[in-house]
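The residues making up each chain are set out below.
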Amino acid sequence: MTTTMKQMVAEARERIAVVSPRESHAAGERAVILDVREPGELESDGRIPGALHVPRGLLESKADVESGSSLDALTAARGQKQVQVLCASGARAALAAETLARLGYDGAVIDGGLKGWKEAGLPTE
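What you are looking at is a predicted structure, and each value in this text was computed from that prediction instead of being measured.

Draft legend 1. Expanded view of the pairing of strand S2 (residues 31-35). Among the five residues of S2, five are classified as buried, and the element is accordingly described as predominantly covered. Because side chains alternate across S2, one face comprises the buried residues Ala31, Ile33 and Asp35, and the other comprises Val32 and Leu34, equally buried. One ladder, built from two bridges, connects S2 with strand S3 (residues 52-53); its direction is parallel. Bridge pairing in S3 places Leu34 opposite Leu52.

Draft legend 2. Molecular detail of helix H6 (residues 91-102). Here H6 contains 12 residues, and its C-alpha end-to-end distance of 17 Å stays within 8% of the 16 Å for a straight helix at 1.5 Å per residue. When we look at burial in H6, the residues that qualify are Ala93, Ala94, Leu95, Ala96, Ala97, Glu98, Thr99 and Leu100. Buried residues along H6 sit against helix H1 (5-15), S2, helix H4 (59-63), strand S4 (82-86) and strand S5 (106-110). A positive phi of about 95° marks Gly104, the residue just after H6.

Draft legend 3. Region of interest: the nonpolar core. With 23 residues, the main nonpolar core has Leu34, Leu59, Leu74, Val83, Val85 and Leu100 as its most contacted residues. Secondary structure elements with two or more residues in this core: H1, S2, H4, S4 and H6. With six residues, the single largest contributor to this core is H6. If we skip the residues at most four places from it in the chain, Val83 touches Val32, Leu34, Leu74, Ala77, Leu100, Tyr105, Asp106, Gly107 and Ala108. Listed in part, the 10 residues of the second largest apolar core include Ile48, Ala108, Ala120 and Leu122.

Draft legend 4. Structural context of the sheet that holds S2. Strands sit in the order S1-S5-S4-S2-S3 across an open sheet of five strands; the sheet is parallel. Each of the sheet's edge strands pairs with one partner strand only, and the pair in question is strand S1 (17-19) and S3. Taken strand by strand, H6 contacts S2, S4 and S5, and its axis lies near 155° from that of S4.

Draft legend 5. View of the environment of Arg78. Relative to the elements of secondary structure, Arg78 occurs in the loop between helix H5 (72-75) and S4. Residue class for Arg78 comes out partly exposed when judged on its relative accessible area of 40%. As for Arg78 and Val65, which are separated by 13 residues in sequence, their C-alpha atoms are 9.9 Å apart. Residues in contact with Arg78, not counting those within four places in the same chain, are Leu103, Gly104 and Tyr105. Among the polar contacts made by the side chain of Arg78, one reaches the main-chain carbonyl oxygen of Leu103 at a distance of 3.2 Å.

Rules of the game
Residues numbered from 1 in each chain as written. Predicted model: local features only at pLDDT ≥ 70, side-chain atom pairs only at ≥ 80, totals over all residues. Heavy atoms only, no water. Buried < 20%, exposed > 50% of the residue type's maximum accessible area, 1.4 Å probe, protein only. Helix = DSSP H or I, 4+ residues; strand = E, 2+ residues; numbered from the N terminus. Pairing = 2+ DSSP bridges. Expected span 1.5 Å × (residues − 1). Contact = heavy atoms within 4.5 Å. Core = buried A, V, L, I, M, F, W, Y, C linked by side-chain atoms within 4.5 Å. Axes fitted to C-alpha atoms, helices over the stretch in contact; angles between N-to-C directions. Polar contact = N/O pair within 3.5 Å; in protein donor to acceptor, adjacent residues only side chain to side chain.

Take a look at the structure:
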């Protein structure tokens with residue numbers, strides 16, 4: 001039987017924490033926000049101030065300290081802070097948060113993605 005992306009996202013959301021945009025914003029320094037959208041999406045739709053940016057396709061290499069191309073700002077959060085992942089609407093973020101959990105991070109998805117963040121009236125730039 002073949003699995004669809006929709007099923008994969010639903011299964012990931014069952015295994016990882018889901019935080020609301022307001023909970024994420026209120027977490028402040030206790031969490032890291034990771035935006036996994038593509039660079040063009042950040043330019044056209046805006047970004048969350050202070051969020052790290054790693055496109056979904058590069059996540060594994062940037063999150064794995066042994067890869068030789070890891071991102072220090074991300075790997076420093078491993079075991080220290082929850083990494084709350086965001087994309088446009090939440091699907092890529094759910095898969096990315098599950099990947100982070102498999103790599104030893106406390107990964108969570110920000111419910112509704114950037115769309116939910118904006119709907120909650122939270123700051124973007």
